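# Understanding the architecture of this molecule
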Amino acid sequence: MIRWPNILRAVGFFILALTGSLILTTLCALFLGSSDLSPLISAVITAGGLGGFLTLAFRSPPREFSHREGILLVVITWVAFSALGALPFYFSGHFASFTDAFFESISGFTTTGATILEDIEALPRDLLLWRSLTHWIGGMGIILLGIAVLPLIGTGGMELYRSEFSGAKSEKLAPRVAETAMALWKLYVAFSLAEYIALRLAGMDTFDAVCHTFSTMATGGFSTRNASIEAFASPAIEAIIIVFMLIAGVSFTLHYRLLVERRARRFFGDQEIQFYLALVAGGTLAIAAVLALSSYEPLEAGRVALFQVVSIMTTTGFSSANFELWSPFTQLLLLALMFAGGCTGSTAGGLKVARLFLLFRVVAREFRRMVERRGVSAVRLNGAAVSENTIQSLLNLVYIAFLINFAGCMALTALGVDVLTAIAAVAASMFNIGPGLGSVGPADNYAHLPALAKWVLSFCMLAGRLEFYTVLIIFTRSFWRK
Amino acid sequence: MRQLNFPCILHFSMRILILGGGAVGASVARRLIREKNEIVIVEGSEEQCAQLEDTLDAKIVQGNAASIRTLQSAGLSDADMLIAVTNSDETNLLSCLIAQAHSDVKIKVARLRTHEVDLWRSVCGGQLLNIDLVIHPDRETAERIQRVVGLPGISDIQEFAEGKVTLVGMNIAAGSWLVGKSMEELKQSGPPSNTLMAMIFRGNQVIIPRGDDHLRAGDHVYIVALADQVSDTFRFMGVEEAERVKRVFIVGGKQIGIEVALQLEERGIQVKLFERELSRCKKISELVKDTVVVHADGTDQTTLVEENIEGIDAYLALTGDDEGNIISSLLSKRLGARKAIALVNRLDFLPMAQLLGINSIFSSRLVIVDRILQFVRKGHILSVTTFRQEEAEAIELVADAGPKFIGKKLKDLHLPRGAIVGSISRPSGEVIVPRGDSVIEAGDRVLLFCLERLVPELESAFIVGSGRETA
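Residues numbered from 1 in each chain as written. Chains lettered and ligands numbered in written order. Predicted model: local features only at pLDDT ≥ 70, side-chain atom pairs only at ≥ 80, totals over all residues. Heavy atoms only, no water.

## A few points about the overall build of chain B
Note the threshold: Elements are defined by DSSP. Helices are runs of H or I of four residues or more, strands are runs of E of two residues or more, and each kind is numbered from the N terminus. Here the globule rule is a power law, 2.2 Å times the number of residues to the power 0.38, and the radius of gyration is based on C-alpha atoms. Here the term buried applies to any residue with accessible area under 20% of the maximum for its type, exposed to any over 50%, and partly exposed to those in between, with areas from a 1.4 Å probe on protein chains only. Any two residues having at least one pair of non-hydrogen atoms within 4.5 Å are treated as being in contact. In these tables, accessible area is a Shrake-Rupley quantity obtained with a 1.4 Å probe, and a residue counts as shielded only by the protein chains included in the view. As used throughout, the charge tally considers Lys and Arg to be positive and Asp and Glu to be negative, leaving His and the chain termini uncounted. For charged residues, the charge sits on one atom: NZ in Lys, CZ in Arg, CG in Asp, CD in Glu.
Along its length, chain B carries 16 helices and 22 strands. Its C-alpha atoms give chain B a radius of gyration of 23 Å, within 12% of the compact-globule value 23 Å for 471 residues. Projected onto its principal axes, the C-alpha coordinates of chain B cover approximately 65 × 65 × 40 Å. Counting over 471 residues, chain B shows a buried share of 60%. Looking at chain B alone, contacts between residues at least 24 apart form 63% of all its contacts between residues at least 6 apart. In the form shown here, chain B has an accessible surface area of approximately 19600 Å², with 50% of it arising from carbon and sulfur atoms. Within chain B, one finds 54 positive and 64 negative side-chain charges whose respective centroids are separated by 3 Å.

## Section: the environment of R477(A)
Mapping R477(A) onto the fold places it in helix α22 (residues 477–480). Along the primary structure R477(A) and P450(A) are separated by 27 residues, whereas in three dimensions their C-alpha atoms are 30 Å apart.

## Side note on the pairing of strand β5 (residues 107–111) of chain B
For a regular strand, side-chain orientation follows a simple rule: the groups alternate between the two sheet faces. Residue and element names in this part refer to chain B. What counts is decided by this rule: Strands are labelled as partners when DSSP assigns at least two bridges between them. By convention, orient the strands away from the viewer: a clockwise path from the first strand over the helix to the second makes the crossover right-handed.
Among the five residues that make up β5, five are buried, leaving the element largely enclosed by the rest of the structure. A two-sided burial pattern is seen for β5, the buried positions comprising I107, V109 and R111 on one face and K108 and A110 on the other. As judged from the four bridges shared by strand β4 (residues 81–84) and β5, these two strands associate in the parallel manner. Bridging from a neighbouring strand, I83 pairs with V109 of β5. After leaving β4, the chain enters helix α4 (residues 89–102) and then returns to the sheet as β5, a path that is right-handed. Taken together, β5, helix α5 (residues 117–124) and strand β6 (residues 133–135) constitute a β-α-β crossover, and its handedness is right-handed.

## Description of the nonpolar core
For the record, the criterion: The criterion is simple. A nonpolar core is a set of buried Ala, Val, Leu, Ile, Met, Phe, Trp, Tyr and Cys residues joined through side-chain atoms within 4.5 Å.
Residues Y446(A) and F468(A) are the most contacted members of the largest nonpolar core, which totals 157 residues. Counting residues per element, this core draws most heavily on helix α9 (residues 177–201) of chain A, at 10 residues. Judged by nonpolar contacts, the second largest core, of 74 residues, contains V109(B), I135(B), L167(B) and L448(B).

## Examining the packing of aromatic side chains
Residues and elements named next belong to chain A. Rules: In this analysis, rings of Phe, Tyr and Trp, with Trp reduced to its six-membered ring, are considered paired at centre separations within 6.5 Å, and the interplanar angle assigns stacked below 30 degrees, edge-to-face beyond 60, and tilted for intermediate values. Here, a charge over a ring means that NZ of Lys or CZ of Arg falls within 6 Å of the ring centre while also lying within 35 degrees of the ring normal.
Counting across every chain of the model gives 29 aromatic pairs over all chains. Measuring from ring centre to ring centre gives 5.1 Å for F89 and F95, while their planes differ by 35°; the resulting arrangement is tilted. No difference in accessibility class separates F89 from F95, as the two residues are buried. Ring geometry for Y90 and F91: centres 6.0 Å apart, planes at 45°, overall tilted. With a relative accessible area of 40%, Y90 lands in the partly exposed category. Put simply, the rings of W136, W185, Y188, F191, F214 and F252 touch in pairs and so form one group of aromatic residues. Between R125 and the ring centre of F207, over which it is positioned, the NZ or CZ distance is 4.2 Å.

## With respect to the sheet that holds strand β7 (residues 154–160) of chain B
Two modes of strand pairing occur in sheets, parallel and antiparallel, and in both the strands are linked by backbone hydrogen bonds. Residue and element names in this part refer to chain B. Applied cut-off: Angles shown run from 0 to 180 degrees and are taken between the N-to-C directions of axes, each axis being a line fitted to C-alpha atoms and, for helices, limited to the stretch in contact.
Within the open sheet, the five strands sit side by side as β7-β8-β11-β9-β10. Their pairing is antiparallel. Sheet topology places β7 and β10 (205–207) at the edges, where each strand pairs with a single neighbour. In this sheet, adjacent strand axes meet at a mean angle of 15° when their direction is disregarded. Sheet analysis places β7 next to strand β8 (residues 165–171), joined by six bridges and oriented antiparallel. Bridging across to β8, E159 finds its partner in T166.

## Description of the packing of α9(A) against helix α10 (residues 206–217) of chain A
Residue and element names in this part refer to chain A. Put simply, the test is: By definition in this entry, angles of less than 35 degrees are roughly parallel, angles greater than 145 are roughly antiparallel, angles of 65 to 115 are roughly perpendicular, and the rest are oblique. For a crossing to be left-handed, the near helix must be turned anticlockwise from the far one by less than a right angle; the clockwise case is right-handed. Think of it as three bins: nonpolar holds Ala, Val, Leu, Ile, Met, Phe, Trp, Tyr, Cys and Pro, charged holds Asp, Glu, Lys and Arg, and polar takes everything else, Gly as well.
Put simply, α9 and α10 touch, their axes get as near as 9 Å, and they point 140° apart. In terms of their interaxial angle, α9 and α10 are classed as oblique. Taken as a pair, α9 and α10 cross one another with a handedness that is right-handed. Across the interface between the two elements, Y188, F191, S192, E195, Y196, L199 and R200 from α9 touch T206, A209, V210, H212, T213, T216 and M217 from α10. Across the contact of α9 with α10, the residue classes tally to seven nonpolar, five polar and two charged.

## Examining the domain arrangement of chain B
Inclusion rule: A domain assignment, automatic or from a database, supplies the domain bounds used here.
Domains assigned within chain B are domain 1 (2–135), domain 2 (243–362) and domain 3 (367–462). The centre of domain 1 of chain B, based on its C-alpha atoms, is set 33 Å off from the matching centre of domain 2 of chain B.

## A look at helix α1 (residues 4–32) of chain A
Convention followed: Helix span is expected to be 1.5 Å times the residue number reduced by one.
Taking 1.5 Å of rise per residue, the 29 residues of α1(A) would be expected to cover 42 Å, and the 41 Å separating its terminal C-alpha atoms lies within 8% of that figure. Phi for G33(A), located one or two positions after α1(A), is positive at around 70°.

## Side note on unusual backbone geometry
Residues and elements named next belong to chain A. Positive phi, close to 55°, is recorded for S228, a residue that is not glycine. S228 gets classed as buried once you look at its relative accessible area, which sits at 7%. If you check the backbone angles, K352 has positive phi at about 90° while not being a glycine. Among the residues examined, K352 registers a relative accessible area of 2% and is labelled buried.

## Considerations on helix α16 (residues 455–462) of chain B
Quick reminder of the rule: In this description, one arc is meant: the one made by directions from the helix axis to the C-beta atoms.
The complete set of buried residues in α16(B) reads V455(B), L458(B), E459(B), A461(B) and F462(B). Considered in projection along α16(B), the buried side chains sweep an arc of 160° and stay on one side of the axis.

## A word on a nonpolar patch on the surface
All names here are of chain A. Going by this rule: Without a salt bridge and with relative accessible area above 30%, a residue can belong to a patch; like charges are then joined within 9 Å and nonpolar side chains (Val, Leu, Ile, Met, Phe, Trp, Tyr) within 5 Å. One side-chain nitrogen of Lys or Arg within 4 Å of one carboxyl oxygen of Asp or Glu is enough to make a salt bridge.
Taken together, the side chains of I23, L24, L27 and L30 make up a nonpolar region of the molecular surface, amounting to roughly 390 Å² of accessible area. Locating L24 in the fold gives a position in helix α1. For L24, a relative accessible area of 52% gives the class exposed.

## Observations regarding the pairing of strand β13 (residues 270–275) of chain B
All names here are of chain B. Among the six residues of β13, five are classified as buried, and the element is accordingly described as predominantly covered. Pairing of strand β12 (residues 247–251) with β13 involves five bridges; the strand directions are parallel. Residue pairing across strands places V248 opposite V271, the latter belonging to β13. Taken together, β12, helix α9 (residues 255–266) and β13 constitute a β-α-β crossover, and its handedness is right-handed. Alignment of β13 against strand β14 (residues 292–295), held across four bridges, turns out to be parallel. Opposite E275, over in β14, you have H295 as the bridge partner.

Next up, the structure:
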């Protein structure tokens, strides 16, 4: 049984929280001296009205959420955030249609960073700020923030926590979900502050530093410039952003172990982190080598390769060079890294490094089994055996990811998009990266795609952000069966 | 040393490590979470872990509770309290030993099920192994059960204030003269001077009665009386006095059945214990003295009739199967047992079982929770007793000087509806069941009945610093 009043009331509270952040943006807009505040104010009124209505109309006592209710709450909240977050864009008139505004908004909240803006710099600064803020809110997780600060979620919290925070099996920091969520958000805020200060010291102005901090820590990718990070032409800024992208791509649970509990061995001894850094290093070397052999200076090649590999692998999607001009091999390598993504428990998307690592081990075990027919062996991660159930659900997840990817590509090509663009656009959306290849590369945008293609990609972004199951399950019949 | 914790908003509770995530561990955890404590549970079975993870706001660690590494990863060094309630005595003792050697856990609680629990108690108080509380829930429940065996009208008897105050639970039968009477009318019919109607359980409701509340047929009531007035109270309430108990049937040869059998045969009562498993029967027969162990299904009508169930003083359904216990005790009533007692561990069954007309129902799970709460709560809490579905509590505490309820007449306190003072024992040894003009002084032992949700408010009214400061 699904208790709708229960869900809608909770959604109402989340929408009120969104209204709060819209109000904050409006205040900043006043400070930035924006000429036209009406889009933001209209959005505040709409969102505030809806949130207020839901919380007042459904005065059910706070209760625990069942499994299904939890899933519905998460999906509805995300869709509501994307729709209401699109209002300032829509009202501003800079976006051709609500489809475009919604695409931009969901791309923000899911930390994808794909844009339909032809000329980003033409957008008023208050909207640019809101664009980056959607990243930051969605990065650590809307629901996770709700669990941390809203008292309305009690025991059902773990269910919600898992649906949004990648790497469900990652251990809790504190016995209580609310405390765990709070600790994660505090770390997130602390890192953001650090990055902001670093960017300011490197010479960025306040506005750009705030926006880029939001985009980096959430591994989003919205920039305030048409040329993304390339526009700043500053090795120092690039270095800072590389470091913080890498940080954001690592499990926040492990950050906690390192920074709060000071257990460095837990951090550096973690196989996922080792594999993650190895992939970054390997990808960088390969691409740098190819670039150095062509037109780039060796040092310059290393610099752009490192930036691009980190940006793609952490699913941020900033660019410091137009990699569409690079050789097809490097482009495919980047496409492959899109699938890998960051670590579990980070703000990054993708399949996640730990899953990839386990996948290799499972395949290796399959081979071993073929040779030693009676051999029994466990798949291990960080010394602990991984249960067969976990392996099963891992394989399912990978299968589903590829299925969606394929279905998305079919849909896009049916709508007249070319193959390379379709593959890259779907992957870049699903894994929340942003820029793809072909006609949606770093120097292009998604504006020219048909409206229906934009909705397909929006769906892919949300499905990817919530790790597929949460979104797909509500389309199954058994979910709705009493 | 407590490790430096990330500053969190909710940091005023105890961190409690529960070993064993079975039915007992889970119900203890659920209650302690409700009381705002941080819970970590160590459980061996992966399946059970997943289940706990879904239902409790607690950290779940999978592993062996007697493994040092597991306990450390569960945060043994940060824990304020360790509660060992796995199914194995050995594991429970071993984990307490580990806790003693490896960290400074302040309070250690272990559940033991062995018959040698008294011997263990003396060991556990020593230098080698210092366990603060050893709980043998089966024995404690058995004691409560054997107290009411000879009293068909009485469902439960508990003692407070070092035995000077008795709490009597009884069902209001349809034909009783009490039906329809208000508290005010009862008071005018001349009850023994020091008695008080403390709680009424009606359907799913709990009522802490006031003057205008009426009794109804089917109600289950609790009455506070001074120990020396219990017989008078029985007479007043129309309950037949205790007769000599001669014959008792016990169904189920689990630990608790054996405990009850041992205690009853001590009193010279003829006990028949039914157990279906032959090997278990043999083992039981070695433990008991005069009890007849019957290798048969004690829930089977033919068997019961053959064994002369008609006219037995009590039928105790103490198997591990809640539903079976409820059904078979109903059957026994029909076959002529004078009293039926059922062990029902699932708390959600309790209101229904009461409505069906089973004379008394016990749950050994609540005993554990009660004992532990005494340690978890702050202040001079002497005991906590939880009733039925954990909706109501009896709290025995020592009133501190200072708080707002001390030194005033009870009628001026404006206690919230849902709370009542059951008895006051003065340091001088005088015990009273209070009236409106009684006054609580600092140092008095107060027995308080209240709904569970009022507990924090009331504790702070009687005790200085019960505000759950960081342990």
